[in-house]
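Letter by letter, the chains look like this.
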Amino acid sequence: MTKSTILTLVGSLRAGSTNQQLAEAIQLNAPEQVDVVIHDSLGNIPFYNEDIDVEGQVPAAAAALRAAASEADTILLVTPEYNGTVPAPLKNAIDWLSRPFGAGALAGKPTAVVGTAFGQFGGVWAQDEARKAAGIAGAQVIEDVKLAVPGSMVRFAEIHPKDDAEVVEQIKGVFDALAVAAPAA
């Protein structure tokens, strides 16, 4: 059996980000046949601009993101919620992956969204916005994958998500939903 690859994009650039920690917990709890790769350079990608999205001139960080997404079997977006929506670095990554329109790295790519946020709903607005943007960008959005952890700053102040039994159980549910919705190619 070949391993499937899930490219994970974390919307927060902050050191100590609870969403980065959630991505790490997801990586640590991946089934044996799944390789979760956390892309770590969203902060190095310039804002999308068609003037620089020209063959031979695409910034290296954007080209690397596109290559990683093209090679992955599934995309997992891990997003905090900033002012009720998705943070700019994650939206920017979606923009780069949406081009060229209709043939970008997200076109037809199974994509799921999870996250954690300080508020009582765990960032569901941002997750909904990320699903919407990814879908418009051409991704095959997996609506059945849900994981929104509320109260992140308090909940994870003294414990890493990988050590939170409830979160680990929810992560297993994410993998179960992914296995049903997006079987390995």
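Small disclaimer: the values here were computed from a predicted structure and weren't measured.

J.: It is not clear to me how the packing of aromatic side chains should be interpreted in this structure. Could you clarify?
T.: Within a pair of aromatic rings, the relevant descriptors are the distance that separates the centres and the angle that separates the planes. Using the criterion set out here, one finds 1 aromatic pair in the structure. Judged by centre distance (4.7 Å) and plane angle (75°), the ring pair of Tyr48 and Trp96 falls under edge-to-face. Placement of Tyr48 in the loop between β2 (34–39) and α2 (60–71) and of Trp96 in helix α3 (residues 88–97) is noted, with a sequence separation of 48 residues between them.

J.: Even after reading the chapter, I still don't get α3, so can you show me in this structure?
T.: Each α-helix winds once per 3.6 residues, and so residues spaced three or four apart point in a common direction. The element α3 is extensively covered by neighbouring structure, given that 7 of its 10 residues are classed as buried. Within α3 the residues assigned to the buried category are Pro89, Leu90, Asn92, Ala93, Ile94, Trp96 and Leu97. In this structure, the buried residues of α3 make contact with β1 (4–10), α2, β3 (74–78) and α4 (124–136).

J.: Help me out: how do you make sense of the layout of surface pockets in this one?
T.: Sizing a probe to match a water molecule and rolling it over the atoms shows the empty space that remains. Taken as a whole, the second largest pocket encloses approximately 160 Å³ of empty space. Here the residues of the lining of the second largest pocket sort into 3 nonpolar, 6 polar and 2 charged.

J.: Help me out: how do you make sense of the nonpolar core in this one?
T.: Grouped burial of nonpolar side chains is what soluble globular proteins tend to show. Among the nonpolar cores identified, the biggest contains 26 residues, and Leu9, Ile75 and Leu77 are the most heavily contacted of them. Counting residues per element, the ones that place at least two in this core are β1, α2, β3, α3 and α4. Here this core takes 5 residues from α3, the largest share from any one element. When residues no more than four places from it in sequence are discounted, the contact partners of Leu9 are His39, Leu42, Leu65, Ile75, Leu76, Leu77, Val78, Leu90, Ala93 and Leu97. Membership of the second largest hydrophobic core comes to 24 residues, among which are Val34, Leu147, Phe156 and Val174.

J.: Can you walk me through the pattern of salt bridges in this structure?
T.: Two side chains carrying opposite charge are able to pair once their charged atoms lie near each other. Under the criterion given, the structure shown has 6 salt bridges. Shared partners join several salt bridges into a network, and the residues in it are Arg155, Asp164 and Glu166.

J.: Would you take a moment to explain unusual backbone geometry for this structure?
T.: Only a minority of non-glycine residues have a phi that is not negative, and only a minority of peptide bonds are not trans. Note the cis peptide between Arg99 and Pro100, where omega equals -5°. Relative to the helices and strands, Pro100 is located in the loop between α3 and β4 (110–116).

Parameters at a glance
- Going along each chain's sequence as written, the residues are numbered from 1 onward.
- Where totals are concerned, whole chains, interfaces and linings use all residues; where local detail is concerned, this predicted model gives features only for residues with pLDDT of at least 70, and gives and counts side-chain atom pairs only at 80 or more.
- Side-chain measures here rest on the full set of heavy atoms in the structure, leaving out hydrogens and waters.
- Aromatic rings from Phe, Tyr and Trp, with only the six-membered ring used for Trp, were paired whenever their centres fell within 6.5 Å, and each pair was classed as stacked if the ring planes differed by under 30 degrees, edge-to-face if by over 60, and tilted otherwise.
- Strands here are runs of E lasting at least two residues and helices are runs of H or I lasting at least four, both read from the DSSP assignment and numbered beginning at the N terminus.
- Relative accessibility decides the category of a residue: with a 1.4 Å probe and only protein chains considered, values under 20% of the type maximum give buried, values over 50% give exposed, and everything between is partly exposed.
- Any pair of residues with heavy atoms lying within 4.5 Å of one another is described as a contacting pair.
- Only protein atoms enter the 1 Å grid used here, on which a cavity is any set of points holding a 1.4 Å probe that cannot leave and a pocket is any open set flanked by protein within 12 Å on both sides along at least five of seven lines; residues with an atom within 4 Å of a point are listed as lining.
- Grid points are joined across faces, edges and corners, and a volume is the space filled by probe spheres set on the points.
- For this scheme, ten residues count as nonpolar: Ala, Val, Leu, Ile, Met, Phe, Trp, Tyr, Cys and Pro. Four count as charged, namely Asp, Glu, Lys and Arg, and the remainder, Gly too, count as polar.
- Among the buried residues, those of types Ala, Val, Leu, Ile, Met, Phe, Trp, Tyr and Cys that are joined through side-chain atoms within 4.5 Å form a nonpolar core.
- Salt bridge, as applied in this entry: a Lys or Arg side-chain nitrogen positioned within 4 Å of an Asp or Glu carboxyl oxygen.

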